[in-house]
Amino acid sequence: NFYKAAQDNPGVMLTKGDVLNIEEDSSGNIIVEVDNTMLGEKVRIEADMLVLATGMETNMMPADRNVNDLTPEYVGKWKETETQDGIIKEVIADPVVLNLDYRQGPELPYQSYGFPDSHFICFPYETRRTGIYAAGAVRAPMTGLQAIADASGAALKAIQCLELTSQGKAVHPRVGDQTFPEINFNTCTQCRRCTVECPFGALDEDEKGTPKTNTYRCRRCGTCMGACPQKIISFNDYTIDMVASMMKAINVPDDTEKPRFIALICENDAYPSIDIAALNRMKFSPFFRFITLRCLGGTNLVWVAEALSTGVDGIILIGCKYGDDYQCHFIKGSQMCNERLGKVQETLGRLMLEAERVKQVELAMNEWDQIPQILDDFAEEVKGFGPNPFKGF
Ligand code: SF4
Ligand code: SF4
């Protein structure tokens, strides 16, 4: 194809960057100045020909609105609500195109240029609203041929969604999962954390803030379980107590020469990465014990506090990359975990422990060869603080 041919042509230089300036020098050559995002430096390129690309604007944003009106993910306004469990900051979204009946807002969440957030790493036409698929130029700027391929993929995903949800099963990425989040409403404080943090807007709420589950929309990520300060959200086969019991069952040697580290790893990228590293017989510190989570978004801070108070020397959480180029299979799980860990300092302070004993690492599956270094570096760093003083109690 054209791109491949250009790559193979020694006269063509491909780079990723922001064009800062285009000018003609005294000899009539075209000089393009680029802020090169790969090398992290500015480069000046003398070019024989300059092609100015035209842009394509999303029509998900009506003419009277502008991408600059976007708060994170929605056109709307910020709102802060004080609850028994702290202040919840959220965006109240305005209806623009779809007018969906979702507690998180009537639209698909947007990305920064106003296209819907439908860039899942494996199935790009998936959106954050189960059963709605964005294809073609609705999803991203593309040609007619690309749009045809995109639409075929979206149609196949829609068929799969109809089949699976009619059987009570989850769609991508936990295809076939038949568990649902169950909420023990007796102790719900209506704090709304679960309804605000669900990456798929699957939870609605009544006027008092009590969550209402929508099983067909749910992807079974467990982010709501990790978000709930009351620890009252669970699945048949996945609960806060279950993971806490797994942590408690890990032997913590009294011998200070034998530290104990726990690695909480997501099942999507981190677990396969560690598996590949092991299959390749890569060696790393033997003092780690691994517990797999559906997504780091399910991390509840109570696990961290309990493990450290039983003498575990350090906890590393390994999950997918987050941010603009996220690779999290549940969109925001690893990001939500990172935000929650920001609050773990308080717990560590209370236990008089160093903040560095708890660390989150972002990992893509093709970075599996970095696993030994990541684990060994963490082990060395924590060993430098000495053993956890709670050891032996
Ligand atoms: S499991 Fe995930 S998708 Fe389902 S309600 Fe909880 S946060 Fe939302
Ligand atoms: S279920 Fe938990 S997170 Fe959701 S509103 Fe109730 S207390 Fe808050």
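*Asks:* Help me understand the site of ligand 2, please; the structure alone is not making it clear to me.
*Replies:* In the vicinity of ligand 2 there are 13 residues, among which C188, C191, R192, C194 and C228 approach most closely. Here the shell around ligand 2 is composed, by residue class, of nine nonpolar, three polar and one charged.

*Asks:* Where do I start with the sheet that holds strand β3 (residues 41–47) in this structure?
*Replies:* Sheet strands pair via backbone hydrogen bonds, and the direction of the pair is either parallel or antiparallel. Judged by pairing direction, the sheet is antiparallel, and its three strands sit side by side in the order β1-β2-β3 without closing on themselves. Pairing within the sheet leaves two strands with one partner each, and these edge strands are β1 (17–24) and β3. The sheet shows a mean angle of 20° between the axes of neighbouring strands, direction not considered. Across seven bridges, the pairing between strand β2 (residues 30–36) and β3 is antiparallel. What sits directly across from I30, in β3, is A47.

*Asks:* Whenever I open this one, the side chain of D269 confuses me. Can you help?
*Replies:* Looking at the element boundaries, D269 is found in the loop between β11 (261–266) and α6 (270–279). Look at D269: it is buried, it has no salt bridge, and the nearest opposite charge is K321 at 8.4 Å. For D269, the side chain forms a polar contact with the main-chain nitrogen of M365, separated by 3.2 Å.

*Asks:* I tried to follow the environment of L162 on my own but got confused; where do I start?
*Replies:* Tracing the backbone through its elements, the reader meets L162 in helix α2 (residues 144–166). Owing to a relative accessible area of 63%, L162 belongs among the exposed residues under this scheme. A C-alpha to C-alpha distance of 50 Å links L162 and K42, two positions 120 residues apart in sequence.

Rules used in this analysis
- Residues numbered from 1 in each chain as written.
- Chains lettered and ligands numbered in written order.
- Predicted model: local features only at pLDDT ≥ 70, side-chain atom pairs only at ≥ 80, totals over all residues.
- Heavy atoms only, no water.
- Near = heavy atom within 4 Å.
- Nonpolar A, V, L, I, M, F, W, Y, C, P; charged D, E, K, R; others polar.
- Pairing = 2+ DSSP bridges.
- Helix = DSSP H or I, 4+ residues; strand = E, 2+ residues; numbered from the N terminus.
- Axes fitted to C-alpha atoms, helices over the stretch in contact; angles between N-to-C directions.
- Buried < 20%, exposed > 50% of the residue type's maximum accessible area, 1.4 Å probe, protein only.
- Lys, Arg positive; Asp, Glu negative; His and termini not counted.
- Salt bridge = Lys/Arg side-chain N within 4 Å of Asp/Glu carboxyl O.
- Polar contact = N/O pair within 3.5 Å; in protein donor to acceptor, adjacent residues only side chain to side chain.

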